[in-house]
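Here is what each chain is made of, one letter per residue.
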Amino acid sequence: MVGLLSQSGLVLGGDSVDSEGAGKVLGVEGAEKLYQDGLVWLKSMDYAKAYPAFETAVKSGHSKARGALGFMILQGLGCSKDESAALVLIREAAGDGVVSAQVNLAGMLMKGQGGARDIPAALSWYEKAAGQGSADARLRLVDIHYFGQDGIAADHGKALPHVKVLAGAGNAKAQNILGSMFEHGQAVDTSRKDAVTWYREAAIQGEAKAQSNLGRMIRTGHVDERGLIEACQWLTLSADQGETTAIVMLEDINPSLTAGQKYEVEERVREYRKTFE
C-alpha cells in the first residue's frame, strides 16, 4: 500500500482502535494497535491524536512508531519542527531495520537535515532499504546514479540493477529508462529490439516520455504506412501530455499525412484510451 506522503515511505493502513492506550506503556500487541491507529490519524491529518499515539507506542519499544514519530517531528506535524530530534529517532528506527526510516534517514543525510551532510552514509542507507524491497529507495538510487545528482556523477552501471528490478516490477519510469539504456548502450549492449520492448511497456502505462521515444523509434525504423500510423499514435498520446519532443515531431509529420491517415491515428488514440485509461 502506498504511503500518504511519498517522501516518507510510510505505509498507512490498519484498523482504527480507540485511543485509551495513549499515554500508557503497552505490551507488544497494544503498541502495534496504537501504532496502526496513529497511521490512520496521520492519514486523516489528525495530528493531535497521531502524535501521542506514536509517542506512547515508542515508550513501549515500537520501532516503526519511532520512525513515524521522527517523521512528524521532522515535518512539524502536531508539534514543533526539530530536525535534530527527528534525526535521533529516525536513525534509531533505521538501525532497527524499519525500511521507511532508512529511506527517510538517507534523505536527511543527503540534505544535511539535523546534522552534517553525509553522502556515502546516505547512499548506504538507500542501498539497505532497497535490499529490503523499498521501491522508493531504488527510485532515489536510480535518480542519483543514472542522472547524477547532489554532486554525484552519473554511473549507469550502478543504476542498472535498480532499474532492472523496478522495470521488471512494472514501474513505467524505470521501464523508459531501461529502454533508453538499451537504445544508447548505457551499461548494456545496444539493442534496438530491447529498447522498443521496454519503451512499449512504459508507453502502454501512459508514460509520456516512453510514448515519445517509442513513436520516434517506430518512425525511424519503419517506412511503411502501418509503422507511420502507429508512430503517430504514440506521438499524439505523448504530445497530449505536453511532451515537447513529441509535439515537434508531429508538427513535422502531420502536413504529409492524408485525411485517411489522420483519421486512423485518431481512431487508434481513441481505442488506446478506451482500453488503458
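Everything that follows concerns the structure shown earlier in this document.
Notes on the structure follow. Predicted model only: the values in this text are computed from it and were never measured.

1. Looking at the packing of helix H12 (residues 225-239) against helix H14 (residues 259-276)
1) Next: The geometry of H12 relative to H14 is characterised by a closest axis approach of 9 Å and an angle of 55° between their N-to-C directions. By the criterion of interaxial angle, the relationship of H12 to H14 is oblique. Viewed along their axes, H12 and H14 form a crossing whose handedness is right-handed. Note on element contacts: H14 touches H12 through Gln261, Glu264, Val265, Arg268, Val269, Tyr272 and Arg273, opposite Glu225, Leu228, Ile229, Glu230, Cys232, Gln233, Trp234, Thr236 and Leu237.
2) Next: Grouping the constituent residues of the contact of H12 with H14 by class yields 8 nonpolar, 3 polar and 5 charged.

2. Some details on helix H4 (residues 83-95)
1) Next: Between the first and last C-alpha of H4 there are 18 Å, a value that for 13 residues agrees with the 18 Å anticipated at 1.5 Å per step.
2) Next: Buried residues of H4: Ala86, Leu87, Leu89, Ile90, Ala93 and Ala94, and no others.
3) Next: Structurally, the start of H4 carries an N-cap: the backbone nitrogen of Ser84 is 3.2 Å from a side-chain oxygen of Asp82.
4) Next: Just beyond H4, the residue with positive phi is Gly97, at close to 95°.

3. Looking at the nonpolar core
The nonpolar side chains of a soluble globular protein tend to be buried with one another.
1) Next: If you look at the biggest cluster of nonpolar residues, it comprises 45 residues, and the most contacted ones within it are Phe54, Leu69, Met72, Ile90, Leu105, Met110 and Tyr126.
2) Next: The set of elements that each furnish at least two residues to this core consists of helix H1 (28-43), helix H2 (47-59), helix H3 (63-75), H4, helix H5 (99-111), helix H6 (119-131) and helix H7 (135-148).
3) Next: In this view, Met72 contacts Leu42, Tyr47, Ala50, Tyr51, Phe54, Leu77 and Cys79; residues no more than four positions away in its chain are not counted.
4) Next: Counting residues in each nonpolar core, the second largest holds 38 residues, with Leu160, Leu166, Ala203 and Val269 among its members.

What counts and how
Residues numbered from 1 in each chain as written. Predicted model: local features only at pLDDT ≥ 70, side-chain atom pairs only at ≥ 80, totals over all residues. Heavy atoms only, no water. Axes fitted to C-alpha atoms, helices over the stretch in contact; angles between N-to-C directions. Helix = DSSP H or I, 4+ residues; strand = E, 2+ residues; numbered from the N terminus. Parallel < 35°, antiparallel > 145°, perpendicular 65-115°, else oblique. Left-handed = near helix turned anticlockwise from the far one by under 90°. Contact = heavy atoms within 4.5 Å. Nonpolar A, V, L, I, M, F, W, Y, C, P; charged D, E, K, R; others polar. Expected span 1.5 Å × (residues − 1). Buried < 20%, exposed > 50% of the residue type's maximum accessible area, 1.4 Å probe, protein only. Polar contact = N/O pair within 3.5 Å; in protein donor to acceptor, adjacent residues only side chain to side chain. Core = buried A, V, L, I, M, F, W, Y, C linked by side-chain atoms within 4.5 Å.

Note that all results are geometric; they support no functional claim without further evidence.
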